[in-house]
Amino acid sequence: MIGSIIKEILGLFVDDEILAIGILAIVGLAAAITLVQWGGPTVVALVLVIGLPAILVADVLLTLRRSAKQ
Amino acid sequence: MTAVSAAFLGALVEVVEAFTIVLAVSLIRGWRPALLGTLAGLATLAIMVAALGPVLSLIPLRALQFVVGALLLLFGLRWLRKAILRSIGVIALHDEEAAFVAHTRDLTAAEQLRSDSLDWIAGLAALKAVLLEGTEVVFIVIAVGAGNGMLWPASLGALSAAVLVLAVGSLVHKPLSQVPENALKFAVGAMLSAFGLFWVGEGLGVNWPGEDLSILAFVVLFLGIAGALILAGRSRSPEPA
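Notes on the structure follow. Position numbers for residues start from 1 in each chain and track the written sequence from start to end. To label them, take the chains in the order written and letter them from A, then take the ligands in the order written and number them from 1. For this predicted model, a pLDDT threshold of at least 70 governs which residues receive local features, and a threshold of 80 or more governs which side-chain atom pairs are given and counted, while totals over whole chains, interfaces and linings are taken from all residues.

Quick word on the overall build of chain B
Tallying secondary structure elements over chain B gives eight helices and zero strands in all. Helices and strands in chain B line up, N terminus first, as α-α-α-α-α-α-α-α. Evaluated residue by residue, chain B yields a buried proportion of 48% over its 241 residues. Here, residues touch in the contact sense if the C-beta positions derived from the backbone fall within 7 Å of one another. Once local pairs closer than 6 in sequence are excluded, the contacts in chain B between residues at least 24 apart make up 86%. A run of H or I in DSSP counts as a helix once it spans at least four residues, and a run of E counts as a strand once it spans at least two, with each numbered from the N terminus. To assign burial, the other C-beta atoms lying within 10 Å of each residue's own C-beta are counted, with C-beta atoms placed from the backbone; 20 or more indicates buried, 12 or fewer indicates exposed, and intermediate counts indicate partly exposed.

Put into structure tokens, the structure is as follows:
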């Protein structure tokens, strides 16, 4: 039972792997830009505001395409 | 206000889900295992909160904002994606009546096999439901409240939702299937994603224009994108499943 609870708690954050990897990639990119101090906070803000919705759009469209093929 | 609303709406969805399972347990095996399982789940949650609370205050604010923001994005965008796909008809809507029937059927089947141990099975089912859905509520409250000193108002928002569901549930004494769960998940998903975007930015040193007000702009952004995706998806598949 503990195993299934841990699995379900992990499932709270990761349902679709592509979406989760995409989110972490955008957040990681924003963190890397901050660490190397390239472009400053404005670039970080743009990466987040454009990148995160773009990941959502790409993932939903990909899922729709997959479901249409099935 | 946004933090309280997000905590209230998020908790509403989770408590309805937990209530459905606890109600199934109480109708099959009586109030005792349902109540004991629920109390055990709540006690475990309380221990988790009591243990994690002091740890949170030791983490530097920027690091806390970044980590919680990233988790909120994973959590919120997952909800938003699911609500979009449900609205389009790609995946089925969550049905509390169906969940109630499934849990009732499982417990009834178990009753025929091992009647003597069924109180344990029923109690564990209630405990698991309260623990899992409660963990989601605790996460939402901490996530929307911890970074900006809104922990208590957010907790009160979640508590109000729990009281509301229990009051209505005890009156109607059946699964609360009339709650528009997908619409709530849609709104909460957008709110949590907006908080996540805001916190990750703050954690990385971004000073958002309008400060906290930018969260509302992000909510509108995510709702707009989700609405556009639903329209696009429905035009592709005119006959939702």
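Notes on the overall build of chain A
Each helix and strand counted, chain A has three helices and zero strands in total. Its helices and strands in sequence order give chain A the pattern α-α-α, from N to C terminus. Across the 70 residues that make up chain A, the buried fraction comes to 24%.

Focus: the interface of chain B and chain A
With 32 residues of chain B in contact, the opposing surface of chain A contributes 31 residues. Among the secondary structure elements, those contributing two or more residues to the side of chain B that touches chain A are α3 (61-88), α5 (118-145), α7 (181-203) and α8 (213-236) of chain B. When residues of the side of chain B that touches chain A are assigned to their parent elements, the largest contribution, 12 residues, is made by α3(B). In this count, Pro and Cys sit with the nonpolar residues alongside Ala, Val, Leu, Ile, Met, Phe, Trp and Tyr, while Asp, Glu, Lys and Arg are called charged and the others, Gly among them, polar. Residues of the side of chain B that touches chain A, tallied by class, amount to 21 nonpolar, five polar and six charged.

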